[in-house]
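# Analysis of the macromolecular model
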Amino acid sequence: MTSPFRETINAICSALPGAVWSDPWGGGHDAWKVGDKMFACMGSMTPGVSVKCADVETATLLKEHGIAHNAPYFYKSWVRFDEDADTDELKARIEASYKIIFSKLPAKTRKAISETQEVA
């Protein structure tokens, strides 16, 4: 059975243009990718969602202010939000992560995604 938190995160991610779900490590992970690059991930054991920030400084600020936590197994520019995080904050951070990853995709890939769906 899927938790309401996981359902909320999956609904936010699935609404983004070109977003694709995968379970790259098996065992019930929800990894959301655009252009084969991950922008959000939920583990199978630890509750929460990990997303990419614009830089390490932004991630550090979010952690220092208690808004987010260290994202285990990810680079320092990634943070994890717990299940009790504000839904609007989660949506904004997931969309920001998506935009960061989307912007770094090859031009041809960005164009193909943009032609099929409007990018947020």
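Residues numbered from 1 in each chain as written. Predicted model: local features only at pLDDT ≥ 70, side-chain atom pairs only at ≥ 80, totals over all residues. Heavy atoms only, no water.

What follows concerns the packing of aromatic side chains. This model, assessed by the stated rule, comprises 3 aromatic pairs. Consider the rings of Phe39 and Tyr98, whose centres lie 5.3 Å apart with planes at 85 degrees: the pair is edge-to-face. Of the two residues, Phe39 is situated in strand β3 (residues 37–42) and Tyr98 in helix α3 (residues 87–103); the sequence distance between them amounts to 59 residues. Taken individually, Phe39 and Tyr98 each receive the classification buried, so the pair is uniform in this respect. With a centroid separation of 4.6 Å and an interplanar angle of 20 degrees, the aromatic rings of Phe74 and Trp78 are classed as stacked. Take Phe74: its relative accessible area is 24%, and that puts it in the partly exposed class. On the basis of relative accessible area, Trp78 is assigned to the buried category, the value being 9%. In textbook terms, an aromatic cluster arises when at least three aromatic residues are bridged by ring pairs, as seen for Phe39, Tyr98 and Phe102. (Phe/Tyr/Trp six-rings, centres within 6.5 Å; stacked < 30°, edge-to-face > 60°. Helix = DSSP H or I, 4+ residues; strand = E, 2+ residues; numbered from the N terminus. Buried < 20%, exposed > 50% of the residue type's maximum accessible area, 1.4 Å probe, protein only.)

For the rest of this paragraph, the subject is the nonpolar core. Ile9, Val34, Phe39, Val49, Val79, Phe81 and Ile94 are the most contacted members of the largest nonpolar core, which has 27 residues in total. Going through the elements one at a time, α1 (4–14), β2 (30–34), β3, β4 (49–52), α2 (56–64), β6 (78–81) and α3 are the ones with two or more residues in this core. By residue number, the principal contributor to this core is α3, which donates 5 residues. Counting 5 residues, the second-largest nonpolar core is a separate cluster that includes Ala31, Cys41, Ala71 and Trp78. (Core = buried A, V, L, I, M, F, W, Y, C linked by side-chain atoms within 4.5 Å.)

To continue, consider α2. Near the N-terminus of α2, the side chain that reaches the backbone nitrogen of Glu57, with its oxygen 3.3 Å away, is that of Asp55. The positive-phi residue at the C-terminal boundary of α2 is Gly66, with phi of around 75 degrees. (Polar contact = N/O pair within 3.5 Å; in protein donor to acceptor, adjacent residues only side chain to side chain.)

Our next topic: the pattern of salt bridges. On inspection of all chains with the given rule, the structure shows 5 salt bridges. In this structure, the salt-bridge partner of Arg6 is Asp30, at a minimum N-O distance of 2.8 Å. Placement of the pair is Arg6 in helix α1 and Asp30 in strand β2, with a sequence separation of 24 residues. Residues Glu89 and Arg93 are paired through a salt bridge, measuring 2.9 Å at the closest nitrogen-oxygen approach. One end of the pair, Glu89, and the other, Arg93, are both in helix α3, 4 residues apart, so they sit about a helical turn from each other. Residue Arg93 is classed as partly exposed on the basis of its relative accessible area of 25%. (Salt bridge = Lys/Arg side-chain N within 4 Å of Asp/Glu carboxyl O.)

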